[in-house]
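What follows is each chain in one-letter form.
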Number of protein chains: 4
Amino acid sequence: MSIKRKIINDPVFGFINIPNNFVYDVIQHPFLQRLNRIRQLGLAPFVYPGAQHTRFHHSIGAMFLMDEALKTLKEKGKEITPEEWNGALAAILMHDIGHGPFSHVLEHTLVTRIQHETLSLLLMEQMNKEWNGTLQTAIDIFNDTYPKRFLHQLVSGQLDMDRLDYLRRDSFFTGVSEGNIGSARIIKMLDVKDDNLVVESKGIYSIENFLMSRRLMYWQVYLHKTAVAAEKMMINTLRRARELTLQGEQLFASPALAYFLSNETTITDFENYGEALRHFVQLDDNDLWSALKVWSSHPDTVLSILSEGMVDRKLFKIEIREEKISGERVSEHLQSYRKRFGISEHEATYFVALDSVATDMYDKQDDSIGILYKDGTVKDISKASDMLNIELLAKKVEKYYFAYLRA
Amino acid sequence: MSIKRKIINDPVFGFINIPNNFVYDVIQHPFLQRLNRIRQLGLAPFVYPGAQHTRFHHSIGAMFLMDEALKTLKEKGKEITPEEWNGALAAILMHDIGHGPFSHVLEHTLVTRIQHETLSLLLMEQMNKEWNGTLQTAIDIFNDTYPKRFLHQLVSGQLDMDRLDYLRRDSFFTGVSEGNIGSARIIKMLDVKDDNLVVESKGIYSIENFLMSRRLMYWQVYLHKTAVAAEKMMINTLRRARELTLQGEQLFASPALAYFLSNETTITDFENYGEALRHFVQLDDNDLWSALKVWSSHPDTVLSILSEGMVDRKLFKIEIREEKISGERVSEHLQSYRKRFGISEHEATYFVALDSVATDMYDKQDDSIGILYKDGTVKDISKASDMLNIELLAKKVEKYYFAYLRA
Amino acid sequence: MSIKRKIINDPVFGFINIPNNFVYDVIQHPFLQRLNRIRQLGLAPFVYPGAQHTRFHHSIGAMFLMDEALKTLKEKGKEITPEEWNGALAAILMHDIGHGPFSHVLEHTLVTRIQHETLSLLLMEQMNKEWNGTLQTAIDIFNDTYPKRFLHQLVSGQLDMDRLDYLRRDSFFTGVSEGNIGSARIIKMLDVKDDNLVVESKGIYSIENFLMSRRLMYWQVYLHKTAVAAEKMMINTLRRARELTLQGEQLFASPALAYFLSNETTITDFENYGEALRHFVQLDDNDLWSALKVWSSHPDTVLSILSEGMVDRKLFKIEIREEKISGERVSEHLQSYRKRFGISEHEATYFVALDSVATDMYDKQDDSIGILYKDGTVKDISKASDMLNIELLAKKVEKYYFAYLRA
Amino acid sequence: MSIKRKIINDPVFGFINIPNNFVYDVIQHPFLQRLNRIRQLGLAPFVYPGAQHTRFHHSIGAMFLMDEALKTLKEKGKEITPEEWNGALAAILMHDIGHGPFSHVLEHTLVTRIQHETLSLLLMEQMNKEWNGTLQTAIDIFNDTYPKRFLHQLVSGQLDMDRLDYLRRDSFFTGVSEGNIGSARIIKMLDVKDDNLVVESKGIYSIENFLMSRRLMYWQVYLHKTAVAAEKMMINTLRRARELTLQGEQLFASPALAYFLSNETTITDFENYGEALRHFVQLDDNDLWSALKVWSSHPDTVLSILSEGMVDRKLFKIEIREEKISGERVSEHLQSYRKRFGISEHEATYFVALDSVATDMYDKQDDSIGILYKDGTVKDISKASDMLNIELLAKKVEKYYFAYLRA
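1. Concerning the overall build of chain A
The number of helices and strands found in chain A is 21 helices and nine strands. What you see for chain A is a C-alpha radius of gyration of 23 Å, in line with the 22 Å of a compact globule of 407 residues. Across its three principal axes, chain A shows a C-alpha extent of roughly 70 × 55 × 35 Å. Considering chain A as a whole, with its 407 residues, one finds that 65% of them fall into the buried category. In chain A, once contacts between residues fewer than 6 apart in sequence are set aside, the share between residues at least 24 apart is 71%. Positive and negative side-chain charges in chain A, numbering 48 and 55 respectively, have mean positions lying 4 Å apart.

2. Details of the relation of the copies chain C and chain B
Overlaying chain C with chain B gives an RMSD of 0.0 Å, the required rotation being 180° about an axis along which the chain moves by 0.0 Å. Each copy turns onto its partner about a two-fold axis. Both copies share a contact surface, since 100% of the interface residues of chain C are interface residues in chain B too.

3. Some words on the pattern of salt bridges
Applying the stated criterion to the full structure yields 100 salt bridges over all chains. Across the pair E264(D) and R242(D) runs a salt bridge whose closest N-O atoms are separated by 3.9 Å. With a gap of 22 residues between them, E264(D) in the loop between helix 13 (255-262) and helix 14 (267-270) and R242(D) in helix 12 (residues 225-246) connect regions that are remote in the sequence. What makes R242(D) buried here is its relative accessible area of 11%. Each of R37(A), D284(A), D287(A) and K293(B) takes part in one network of salt bridges that share partners.

4. Description of the sheet that holds strand 4 (residues 196-200) of chain C
Residue and element names in this part refer to chain C. Spatial ordering of the open sheet is given by 3-4-7-8, a layout of four strands whose pairing is mixed. Strands with a single pairing partner mark the edges of an open sheet, and in this sheet they are strand 3 (190-193) and strand 8 (378-380). Averaged over all pairs of adjacent strands, the angle between strand axes in this sheet comes to 45°, irrespective of strand direction. As judged from the three bridges shared by strand 7 (residues 370-372) and strand 8, these two strands associate in the antiparallel manner. From the neighbouring strand, G370 faces strand 8, where its bridge partner is D380.

5. Quick word on the packing of helix 4 (residues 82-94) of chain B against helix 7 (residues 136-143) of chain B
Residues and elements named next belong to chain B. Relative orientation of the contacting elements helix 4 and helix 7 amounts to 65°, with a least axis distance of 8 Å. The crossing of helix 4 and helix 7 is right-handed. Here E83, E84, G87, A88, A90, A91 and M94 of helix 4 lie close against helix 7, whose contacting residues are T137, A138, I141 and F142. Within the contact of helix 4 with helix 7, the residues separate by chemical class into seven nonpolar, two polar and two charged.

6. Some details on the interface of chain A and chain B
Taken together, the 40 residues of chain A in the interface contact 40 residues of chain B. At the boundary of chain A with chain B, total buried surface from both sides reaches about 3,400 Å², with 53% on carbon and sulfur atoms. Of all residues in chain A, the largest losses of buried area upon contact with chain B belong to N9(A), P49(A) and K293(A), amounting jointly to 17% of the total for that side. Linking chain A with chain B are four salt bridges.

7. Re the pairing of strand 4 (residues 196-200) of chain B
Residues and elements named next belong to chain B. Strand 4 sits mainly inside the fold: four of its five residues count as buried. The sheet contact formed by strand 3 (residues 190-193) and strand 4 spans four bridges and is antiparallel. Counterpart to D191 in the pairing with strand 4 is V198. Turn length for the strand 3-strand 4 hairpin, with the two strands adjacent in sequence and antiparallel, is two residues, and the turn residue D194 shows positive phi of about 50°. In the sheet, strand 4 pairs with strand 7 (residues 370-372) via three bridges, with the strands oriented parallel. Paired with V198 across the strands is G370, a residue of strand 7.

8. With respect to the packing of aromatic side chains
Going through the model one piece at a time under the given rule, you end up with 62 aromatic pairs over all chains. Each ring, one from F260(A) and one from F280(A), has its centre 6.3 Å from the other, and the planes form 80°; the classification is edge-to-face. With F260(A) in helix 13 (residues 255-262) and F280(A) in helix 15 (residues 275-280), this pair connects stretches of sequence that are 20 residues apart. Overall, F280(A) belongs to the buried group, its relative accessible area being 1%. Geometrically, the ring pair formed by F270(C) and F280(C) is edge-to-face, given 5.9 Å between the ring centres and 85° between the ring planes. One end of the pair, F270(C), is in helix 14 (residues 267-270); the other, F280(C), is in helix 15 (residues 275-280), with 10 residues separating them in the sequence. Residues F270(C) and F280(C) agree in their burial class; the two are buried. These aromatic residues form a ring-pair network of at least three members: F172(A), F173(A), F172(B) and F173(B). In this structure, K399(C) packs its charged tip against the face of W219(C), placed 4.0 Å from the ring centre.

9. With respect to the interface of chain C and chain B
In this complex, chain C contributes seven residues to the contact, which on the side of chain B involves seven residues. Of all residues in chain C, F15(C), R185(C) and K188(C) give up the largest surface area on contact with chain B, accounting jointly for 60% of the area buried on that side. At the surface where chain C touches chain B, the tally comes to zero salt bridges. At the surface where chain C touches chain B, the tally comes to two residue pairs in polar contact (both at pLDDT 80 or more).

10. Points about the sheet that holds strand 3 (residues 190-193) of chain D
All names here are of chain D. The sheet built from four strands is open, its strands ordered 3-4-7-8 with mixed pairing. Of all strands in the sheet, those bounded by a partner on one side alone are strand 3 and strand 8 (378-380). Averaged over neighbouring strand pairs, the angle between their axes works out to 45° when direction is ignored. The sheet strands contacting helix 3 (residues 55-75) are strand 3 and strand 4 (196-200), and the helix crosses strand 3 at an angle near 60°.

11. As for unusual backbone geometry
The backbone of F102(B) sits at a positive phi, close to 45°, despite the residue not being glycine. Despite not being glycine, D144(D) has its phi angle at roughly 65°, a positive value. Structurally, the position occupied by D144(D) is in the loop between helix 7 (136-143) and helix 8 (149-155).

12. Brief notes about helix 9 (residues 161-174) of chain D
Since there are 3.6 residues in each turn of an α-helix, residues three or four apart along the chain are aligned in direction. All names here are of chain D. Here helix 9 spans 20 Å end to end across 14 residues, near enough to the 20 Å set by a 1.5 Å rise per residue. Judged by how many residues are buried, helix 9 sits mostly within the fold: 14 of 14 residues are covered. A positive phi of about 90° marks G175, the residue just after helix 9.

13. Examining the relation of the copies chain A and chain B
Note on the copies: chain A fits chain B at an RMSD of 0.0 Å, the axial shift is 0.0 Å, and the rotation between them is 180°. When the interface residues of chain A are mapped onto chain B, 100% of them are again interface residues, pointing to one common binding face.

14. Examining the packing of helix 16 (residues 285-295) of chain A against helix 17 (residues 301-311) of chain A
Two numbers describe a pair of packed helices, the interaxial angle and the distance between the axes. Residues and elements named next belong to chain A. In the contact formed by helix 16 and helix 17, the axes pass within 8 Å of each other and the chain directions differ by 125°. Here helix 16 is positioned oblique relative to helix 17, judged by the angle of their axes. The interaxial crossing formed by helix 16 with helix 17 has left-handed handedness. Residue-level inspection shows W289, L292, K293 and W295 of helix 16 in contact with helix 17, the latter providing L303, S304, S307, M310 and V311. When grouped by side-chain class, the residues that make up the contact of helix 16 with helix 17 number six nonpolar, two polar and one charged.

15. Considering the side chain of H53(D)
With respect to the helices, strands and loops of the structure, H53(D) is situated in the loop between helix 2 (30-34) and helix 3. Within the structure, the side chain of H53(D) is placed 2.7 Å from the side chain of D170(D), a separation counted as a polar contact. For H53(D), the residues in contact, after removing those within four places along its chain, are Q52(C), R39(D), Q40(D), L41(D), R169(D), D170(D) and F173(D).

16. A short note on the confidence of the model for chain A
Per-residue confidence for chain A averages 92 on the pLDDT scale, and 94% of its residues sit at or above 70. In the predicted complex, the global pTM is 0.94; the interface-specific ipTM is 0.94.

17. A look at helix 6 (residues 116-130) of chain A
Residues and elements named next belong to chain A. For helix 6, with 15 residues, the first-to-last C-alpha span of 21 Å sits near the 21 Å given by 1.5 Å per residue. Taken as a whole, helix 6 has its buried residues at H116, L119, S120, L122, L123, M124, Q126, M127 and N128. Directly beyond the C-terminal end of helix 6, a positive phi value near 60° is found at N132.

About the criteria used
Residues numbered from 1 in each chain as written. Chains lettered and ligands numbered in written order. Predicted model: local features only at pLDDT ≥ 70, side-chain atom pairs only at ≥ 80, totals over all residues. Heavy atoms only, no water. Helix = DSSP H or I, 4+ residues; strand = E, 2+ residues; numbered from the N terminus. Rg over C-alpha atoms; globule rule 2.2 N^0.38 Å. Buried < 20%, exposed > 50% of the residue type's maximum accessible area, 1.4 Å probe, protein only. Contact = heavy atoms within 4.5 Å. Lys, Arg positive; Asp, Glu negative; His and termini not counted. Charge placed at Lys NZ, Arg CZ, Asp CG, Glu CD. Least-squares fit on C-alpha atoms with pLDDT ≥ 70 in both. Salt bridge = Lys/Arg side-chain N within 4 Å of Asp/Glu carboxyl O. Pairing = 2+ DSSP bridges. Axes fitted to C-alpha atoms, helices over the stretch in contact; angles between N-to-C directions. Left-handed = near helix turned anticlockwise from the far one by under 90°. Nonpolar A, V, L, I, M, F, W, Y, C, P; charged D, E, K, R; others polar. Buried area = accessible area lost by both parts, 1.4 Å probe. Phe/Tyr/Trp six-rings, centres within 6.5 Å; stacked < 30°, edge-to-face > 60°. Lys NZ or Arg CZ within 6 Å of the ring centre and 35° of its normal. Polar contact = N/O pair within 3.5 Å; in protein donor to acceptor, adjacent residues only side chain to side chain. Expected span 1.5 Å × (residues − 1). Parallel < 35°, antiparallel > 145°, perpendicular 65-115°, else oblique. pLDDT = per-residue confidence, 0-100.

Written as structure tokens, this is what we have:
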């Protein structure tokens, strides 16, 4: 069999080698290729026009880092079989295949109560069936049922290759260069102790820096107020679209989008690669943008205003406060919209959004970062760092958002 | 009036200031915002996954370079009025608004015989009407009817801000870092002599490097064989879709796409902001990808195979030769497709594409780069460069492409 | 008078313009040019071979950032006269002219009890005399006697242009890219309130990131154990050289180095541009390296071993502990050196070095970073940050170093 | 034996691994460490203040690229034994150890008629003796006496790792970013055919770009007029210093510099690791700068003016012309210096310098770049490139320099 050797040009990490045909085939699978049509940062390009990178590109980057991490661990004497190596590469490549377009938006509208990890797993199992079980090790690693737990931690954990790639990549494409987390240095200092992924003690400053850079990226990018405003507007748009659909209105939509607009899907619908999943893998950013443009001239005032707002970047205004927004302010807004557009109170609610955002970036219970000392002892970073206040980092900081249509 | 001051984060040039409300309003216009949904490099992400940047982002970058160029010329004593300054910024911002999605593809299929510059101008005039003539200077500069010709040359010429931005930006996002053209150095050496944009003689090496980097980008990126293969497949897909539509088949399509599938539009249709133009500004990358996904399961063998090829990256295979492909090889291919899929000869032709590509990157007649010496004389780069063989650079190199469905 | 316009190529910030002849002349002064022969990071190239950048280059970079900061403040409506603008540029350019080679080393050996700021001021006054007082504003800003205090804070304070440049530049040249502090973003958010430099509240995450990146740079670069080991060895080498000199030994040295080896200079010696200062401005990295090479073959065992160690990178071994090193361990080492080299106990002490290092990177009393809220109130970052534990950042962390000649 | 594993932070290539103890020991040898005190670009920092990088750093970078190139060739099925691998790494590491400080300057003054390659070889043989022949393979590769010739070509040839590193590195540290040659892409396309290093045909554009970037670097950096002016001034300074020394004047100088000032060394002096070579390995940038500073206040008018010019950056003015400078212009200058300083005609000649510079960057006879086609044929780039005019590239372009002391 010929070798399908490929090198991918990545502006972040340089040349990325696809190590073998097995990995090449995973990348070529339609479920992976679909991620090419889903932007990593959803609506963030409204703020950072360079942030158009896709989940596909991120998956390739995470695979590259996985390969680097495995090389480091091997050099430090950890045994990793070729089967495990391929499994880990496939697992990280596939870890995001369950994502829909604008994940956050969808989870609040069309695909509620279903986690993307669950869908990822369903799709992996589908692929595994197609390929006669050759993805079993990858699935076991992803599911944390594989004996060598550190492989799972490389896919999903405080310092997994997913995070190391997306923080670095998002920093690169947004241009928020100080968010650079130094992934190469962190990877060089990874080790395994008692089957747990740990970091050599001399890497403690890199870990502190990683935690703070992540925090910067959260507030500067992921929770940037304009991006949140866009998200709230998109959520309300889709809610209205679904409401109209359920009322019998025929909105323009691709078959996949139409399915989710007109059905209340549950996890059972997704299982066994049923109708829901078949439609889901057809859904991506394009379906939503295509629909929004058409909806902009829909007779329904609410739908058309919201859709046009998304398309022409006339986004909700947003306020962020440390205390809850008073009911009165909201009422005032609703009143004004009723008067302005001659709509009902219920319809007016689509023009406002209230939310609180909490970031708990470091969760001591679930996910700790172990620091390995030369004497073989391991301390959690919250104990090992003499400076960083992990108590505070772990503290949920709650902020209240009030987003609304501009006057 | 409040100042809508904005700073845009650009990973290529750092912070970009939007200098005033006029420019801000141009950027916010729906015709500009639409460019956010059109990728600069169309199908190149099949080869360079990072190259997802949009025509909007490019336009912002070109505006930044224009501002830098005007500052340089002003420092060198050239008079530029605020009106001209704004006009030049607006002209470069709007220079691409006539682009459709996958420009090359569209020009061969749905919007034939109409240049994107023509559409840009039509749209600018539409905006100018909306804004009571405040864009007239920008339009005159774009049209080369403004007295100070060098302003037009900054928008469109051998060394215009369009090229300086896109070569730099495409180099950045593809990761082909050696394609970097040194835009900052070139801009510092711009000057005006006899109303023509020229380059100071000490900049001659930068110009030589610019011409060669451009050449590298052409062969490494713009004419990369996989990107060309994707383009050929997309062209054939749309041709088939139109053929079926004209035969009365109802294909899934957004209203905008449906319009162009079912009409043979001419320039007259576009004039006066008629139906064609109204649909055109609704058309972007999303309409095409949405349709391709649905068409993948269409009963027509040709359409579904081609569409699925685009969606799942099962692209045409492509051969590039220095001599024409023989008719026999093409016939053999057609035969095999007929047998394999039970289709007609005519239908089989959709599975092959023949083309020749010629690059004439330096056109001495039309567009020369003047080199300004300290004694005030100006020589064309083709004379000034003692090394670069402009004869050769100007020579059309023809290559023959043969693209076809894989066995 | 002709304009001596110059553009300097800086790999960190791109092109740097020298804005006028006054600034150009400051840069050309021998006191500034001397900084071209003093590396910013002294002995750090033993660890980071790229970190060869000079104090001159740093000064140019800091001037660039000062210009950017002044532009930002002016755009925000702060009045800055041309005289003040030039004064601030000159002050930041000259802020380091009192540095000697390997500052830390010299302060412990040849030029003790004299701060480099004192010498900078003496040299500025000398220049001011030469130039008939045209540097008076710069000196007043440097001395914090100028009415507009924020100008001084831009030169010397928690967020001065000195730090913003050196952290960014050191991060760049060492390759510790995650130390990038985002200087451009911080500068865009500077403002002045009640004559104090403050940061807009939306910049709070950038400030937190700045403080943590600085911390990373301290431990990863400035206090890197190998760099500290080299420093300790260099200190001991110079101590021995001086001891031998005072005993009448004629060591090879440039006149400037010879002066400091054979004299115990005090601040009075430096005042009035006396002999000490005249020799000081002749001293740079080259004098020390030249001498070390010659001393490598000196008959004195201690001097030659230490010098050769510096020259051939056979550096002290170093241990870093959280508790003091016991007297016994030190004694053991001294004993072994006595035996090995047949030297006295006193001589053996040159082969060990004990030190404690404390970093107090944030000093609440002296230097706070004010965060400016939209309502006009200002809070210190230690109060404003809900995450960063400034208490801890301000806490002195003490570490004990034990450096010694390898077996 | 313990593994001396080391990772070096390189801002250009990221982390560089030192692969084994043998390579580590080569790097630690005093002959290599000495290169830490010799700047790669000599006097170019007068123009590009960031270009302080050393020949040591360059050697490490070239070693990294060698390792990458060997990996590529191995992946393509070329056999390379561990002995050869180490030999190639050691050869490229040591290729520059024969360089003195300011090589060009020295070759015209203190160490004439002796090529640095000859000295490199002498020093390698000295090291080989110390190490009982373990460097023999490296020396054979360096000398082109090793059977597998392509290994030599990786060390010294049109596309050797020396050039690939220094062009990339010089581009990085000067900030002339468009000089980036794309070393990674070129290396990926290297192959061996009939024991010759060749480039796969799809790499042809990279090679064209490499040749043009090299040309840019020559004129923009290596032959930059200010750098050439500084070089001419330094040459004249050293000539005068030697003249005075031979007349019996005792100038300040380190023993190594003193040796070369007072002797006319020949190759025989260097052989057998004699006195000349022992002094040579003690000589570096520091000796020259230390002396120049002291000479600045020497009573000899010529020596002091030239030395002070170097130290305080009051460099020769330089004119570059395409025709020879007339004898009259030179005479006029000499006359004016005689009058101005009351010096003899002979002495006045030290204040002028005439030279012609020719760049022949591509030498078809000696060193061709073979392009390997899929059918196994190899064409020289001069034939393979349909655009690049190698005739012209190979043509010597002569320029005449006239440098002289400013009025």
